[in-house]
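Okay, here's what each chain looks like letter by letter:
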Amino acid sequence: MVTAQLAALAIFVALFALGAIRGVHIGILMIAGAAGTGLLLAHMKLADIIAGFPLDIMVLLVGVTYFFAIAQTNGTIDKLIDRALTKVGSNAFALPIVFFLLTLGIAAMGAPLAGLVMMPVGMQVARRYNIDFALMGLAMCFAIGAGGFAPTSLYGIVTYGTAHKAGIALNPLLLFAIALATYLVLLAAAYVMFGRRGKRAAGLRLHSPDLAHAGPAGNHPFERESALSRGGATTASAQFGEGDDEAAYGISADDPDAAAGSTAQPAAEGQPGSAAPAEARFTGVQILTIVFIVGLIAAVVALAALGRKPDVGILCFAFGAALTLIDPTTGRNAISKIDWSTVLLVGGIITFVGVLQEMGAVDLLGEGAKAIGSPLVAAFVLCAVGGLVSAFASTTGILAALVPLALPMIADGHLPGWALIAALGVCSAVVDVSPFSTLGATVVATAPDPAKPRLIRILTTFGMSMVIVGPILLVGGLVLPAMLAGG
């Protein structure tokens, strides 16, 4: 039996590696691997294998990404960002905080990677205001991580959804609060290391990315940030960070008015490539979308405060259905942005983990972790492993794979389940500032060429240090106090 368990674990790891090396969707490999392993090694019925697919998480992901895709497509999020940026002023010290809050808000709306649309804007503002590129880049990376753990976003859904599926009570709002507190500590550290008040660049006017109009679709619905338009330019065709060349941002270096922040003659409102004026009013549909967003947040907070589990996915389906009836065209366009890629990724991994649990392979790993001796040391090692692997692989995939592996350590009662799962989730995400991840790589790509070598060094050091710093913060600051308090 042990031989079959080890073989199943080896297949699981091999599929991860094969998908990464060959660029194949890991979720597809995992579903096929789960079926083969379950039938041949565990002698399970096919119906039992398929029953391990997490339909509840699928409803969450589809509902959330559909609702917020409508909010993006109808231009609501674009206008909200534009209004916020026009009120920022010129306080260079506060600008990274402002971009942290804006990016956090976008990342909390279904898919963390959607926050990447702010990076070209943020790095341009950092150059104009003489703000350290490392500080601005880290601020936006931290915001994407923190927003991703919101009850309405991907990391949060996967973490608390997997925990609930395993019978562990993890409050979604508590998970978000833990992640937000951790990233705020890291942001404060970044300010200490890189914060300095820059020289004010006269006449800067900030322009937000146009989320309402997108270029060619990418493979992943929310990885289309590279095709989002900004004014008359698109980030898909821009040569980001070419010295002082501002053409990458839709600004002509030869035009003094444009260099000061003004754009070319805008196209008619509603046409691709147009830049909505800051004073443009919200349409009726956009106002209703904002009401629904506020209603969603209020419902989640109220239900959680009453001790009831909010079904975010169903709420999003309800709001999305209402908006679709009012604006059918936008509703149809938003369907293509449903995050099926992540549904398959998470679903495939959890299905395979279900087979491993049925075979006892997860318990085998858990016993190996407990053999380390101290439960705290075992928790630290598990969090560090999660961070190290996540630095080079899909954070979402790691969350779905490692959370079940912590269950045997929780079962003996020494470690509080909610605290360990929250620590493991955040530790797997804080390393994403490294240039080997999507977030860190985008920071480097959108910075001026002379700054890139220094940025790569800083982000590599900062990201890899999080493999150790993350577990120290989360295990020492969360798991240990919860353990001493009796869980």
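Here the structure is a predicted model, which is why all the values come from computation and not from measurement.

Colleague: What's the story with the overall build of the chain in this structure? I'm lost.
Modeller: When helices and strands are tallied, the chain shows 22 helices and three strands. In the chain, which comprises 487 residues, the share counted as buried stands at 55%. Total accessible area on the chain is roughly 19500 Å²; 66% of this is exposed by carbon and sulfur atoms.

Colleague: Looking at this model, I keep getting lost on the nonpolar core. Mind explaining?
Modeller: Grouped burial of nonpolar side chains is what soluble globular proteins tend to show. Judged by nonpolar contacts, the single largest core of 147 residues is most densely connected at Phe12, Phe67, Phe99, Met118, Met136, Phe142 and Ile349. If one sorts the elements of this core by residue count, helix α8 (residues 133-148) sits on top with 12 residues.

Colleague: How should I be thinking about a nonpolar patch on the surface in this particular structure?
Modeller: Residues Val377, Val381, Val385, Leu388 and Val389 make up a contiguous nonpolar surface patch of about 350 Å² in total accessible area. Tracing the chain through its elements places valine 385 in helix α17 (residues 375-390). On the accessibility criterion, valine 385 (39% relative accessible area) is partly exposed.

Colleague: Looking at this model, I keep getting lost on the confidence of the model for the chain. Mind explaining?
Modeller: Note: predicted coordinates in regions of low pLDDT should not be interpreted at a detailed level. For the chain, per-residue confidence averages 76 on the pLDDT scale, and residues scoring 70 or more make up 78% of the total. When pLDDT is averaged over each helix and strand of the chain, the minimum, 30, is found for strand β3 (residues 233-234) and the maximum, 94, for α8. Across residues 197-278, where pLDDT falls below 50, the model places 160 contacts with residues more than four positions away in sequence or in other chains.

Colleague: How should the packing of aromatic side chains be read in this particular structure?
Modeller: Aromatic ring pairs are reported here in terms of the distance separating the ring centres and the angle at which the planes meet. By the definition in use, this model includes nine aromatic pairs. The interplanar angle of 45° and the centroid separation of 5.8 Å between the aromatic rings of phenylalanine 142 and phenylalanine 462 together place this pair among those described as tilted. You can see phenylalanine 142 sitting in helix α8 and its partner phenylalanine 462 sitting in helix α22 (residues 452-484), a full 320 residues away along the chain. The class of phenylalanine 462 is buried, set by a relative accessible area of 7%. Pairwise contacts between aromatic rings join Phe67, Phe68, Phe292 and Phe319 into one cluster.

Colleague: Sorry, what's going on with the pattern of salt bridges here?
Modeller: Oppositely charged side chains can pair when the atoms bearing their charge come close. Tallied over the full model, the rule gives two salt bridges. Ionic pairing is found between aspartate 132 and arginine 454, a salt bridge with its closest N-O pair at 2.9 Å. Of this pair, aspartate 132 sits in the loop between α7 (119-128) and α8 while arginine 454 sits in helix α22; the two residues are 322 residues apart in sequence, bridging distant segments of the chain. Taking relative accessible area as the criterion, aspartate 132 reaches 10% and is therefore assigned buried. What makes arginine 454 partly exposed here is its relative accessible area of 35%. For aspartate 449, the salt bridge identified is with lysine 452, shortest N-O distance 3.2 Å.

Colleague: Would you take a moment to explain helix α9 (residues 154-165) for this structure?
Modeller: Since the α-helix packs 3.6 residues into each turn, any two residues three or four apart lie on the same face. Here α9 spans 16 Å end to end across 12 residues, near enough to the 16 Å set by a 1.5 Å rise per residue. Most of α9 sits out of view: 10 of its 12 residues are buried. Of all the residues in α9, the buried ones are Leu154, Tyr155, Gly156, Ile157, Val158, Thr159, Tyr160, Gly161, Thr162 and Ala163. Phi for glycine 167, located one or two positions after α9, is positive at around 85°.

Colleague: Hey, could you run me through the environment of threonine 65 in this one?
Modeller: Mapped onto the fold, threonine 65 is located in helix α4 (residues 55-73). A relative accessible area of 1% places threonine 65 in the buried class. With 275 residues separating them along the chain, threonine 65 and tryptophan 340 place their C-alpha atoms 9.3 Å apart. Within the local environment of threonine 65, its side chain forms a polar contact with the backbone oxygen of valine 62, the two atoms lying 3.3 Å apart.

Colleague: Help me understand the packing of α4 against helix α15 (residues 340-359) in this model?
Modeller: If you want to describe how two helices pack, look at the angle between their axes and the distance between the axes. Two elements in contact, α4 and α15, have axes whose closest approach is 9 Å; the angle formed by their N-to-C orientations is 165°. When the axis of α4 is compared with that of α15, the two are roughly antiparallel. Note that α4 runs across α15; the crossing there is right-handed. Along its contact with α4, which presents Ile57, Met58, Leu61 and Val62, the element α15 presents Trp340, Thr342, Val343, Val346 and Ile350.

Colleague: I tried to follow the packing of helix α1 (residues 2-22) against helix α2 (residues 26-40) on my own but got confused; where do I start?
Modeller: Where α1 meets α2, the axes come as close as 9 Å, and the angle between the chain directions of the two elements is 160°. Between α1 and α2, the crossing angle belongs to the class labelled roughly antiparallel. Remark: the crossing between α1 and α2 carries right-handed chirality. In contact with Ala8, Ile11, Phe12, Leu15, Phe16 and Gly19 of α1, α2 contributes Ile26, Leu29, Met30, Gly33 and Thr37.

Colleague: Looking at this structure, I do not really get the state of the cysteines. What am I missing?
Modeller: In protein structure, a disulfide is the covalent linkage between the sulfur atoms of two cysteines. In the structure shown here, the tally under the stated rule is zero disulfides. Cysteine 427 takes part in no disulfide bond, and the closest cysteine sulfur, belonging to cysteine 383, lies 4.1 Å away. Looking at cysteine 427, the relative accessible area reads 1%, which means it is buried.

Colleague: Just checking my understanding: could you explain unusual backbone geometry for this structure?
Modeller: A negative phi holds for most residues other than glycine; trans holds for most peptide bonds. Although it is not a glycine, histidine 43 sits at a positive phi angle of roughly 55°. On the basis of relative accessible area, histidine 43 is assigned to the exposed category, the value being 65%. Of note, the phi angle at asparagine 130 is positive, near 60°, even though the residue is not glycine. Of the residues examined, asparagine 130 reaches a relative accessible area of 31% and is grouped as partly exposed.

Colleague: I keep staring at the environment of glycine 52 and nothing clicks. Help me out?
Modeller: Assignment of secondary structure puts glycine 52 in the loop between α3 (46-50) and α4. Measuring from C-alpha to C-alpha, the distance between glycine 52 and isoleucine 350 comes to 7.1 Å, with 298 residues separating the pair along the chain. With sequence-adjacent residues up to four places away left out, glycine 52 is seen in contact with Lys165, Ile350 and Thr351.

Rules and cut-offs
- Within each chain, residue numbers correspond to sequence positions counted from 1 in written order.
- This being a predicted model, a pLDDT of at least 70 is required before a residue's local features are given, and a value of 80 or more before pairs of side-chain atoms are given or counted; all residues contribute to the totals for chains, interfaces and linings.
- Excluding hydrogens and water, the side-chain values take into account all heavy atoms of the structure.
- Working definition: helices are DSSP H or I runs of at least four residues, strands are E runs of at least two. Numbering for both runs from the N terminus.
- The buried label applies to any residue whose accessible area, calculated with a 1.4 Å probe on protein chains only, is under 20% of its type's maximum; exposed applies above 50%, and partly exposed to all values in between.
- Accessible surface is estimated by sampling points in the Shrake-Rupley manner with a 1.4 Å probe; for residues, cover comes only from the protein chains shown.
- We define a nonpolar core as any set of buried Ala, Val, Leu, Ile, Met, Phe, Trp, Tyr and Cys residues linked to one another through side-chain atoms lying within 4.5 Å.
- Any residue with relative accessible area above 30% and no salt bridge may belong to a patch, with like charges joined within 9 Å and the nonpolar Val, Leu, Ile, Met, Phe, Trp and Tyr side chains within 5 Å.
- Whenever Lys or Arg places a side-chain nitrogen within 4 Å of a carboxyl oxygen from Asp or Glu, that contact is recorded as a salt bridge.
- The predictor attaches a confidence to each residue, and that confidence, scored 0 to 100, is pLDDT.
- Throughout, a residue-residue contact means that at least one pair of heavy atoms, one from each residue, lies within 4.5 Å.
- Note on aromatic pairs: the rings of Phe, Tyr and Trp (six-membered ring only in Trp) are paired at centre separations within 6.5 Å, and the planes decide the class, stacked below 30 degrees, edge-to-face beyond 60, tilted for the rest.
- What a helix is expected to span follows from its residue count: subtract one and scale by 1.5 Å.
- Two N or O atoms form a polar contact when they lie within 3.5 Å of each other; inside protein one atom must be a possible hydrogen donor and the other a possible acceptor, and for residues adjacent in sequence the pair counts only when both atoms belong to side chains.
- Every axis corresponds to a line fitted to the C-alpha atoms, with the helix fit spanning only the stretch in contact, and the corresponding angles, defined between N-to-C directions, vary from 0 to 180 degrees.
- Each angle is binned into one of four classes, with values under 35 degrees roughly parallel, values over 145 roughly antiparallel, values of 65 to 115 roughly perpendicular, and all other values oblique.
- What makes a crossing left-handed is the near helix being turned counterclockwise from the far one by less than a right angle; a clockwise turn instead makes it right-handed.
- We call a pair of cysteine sulfur atoms a disulfide when they lie within 2.5 Å.

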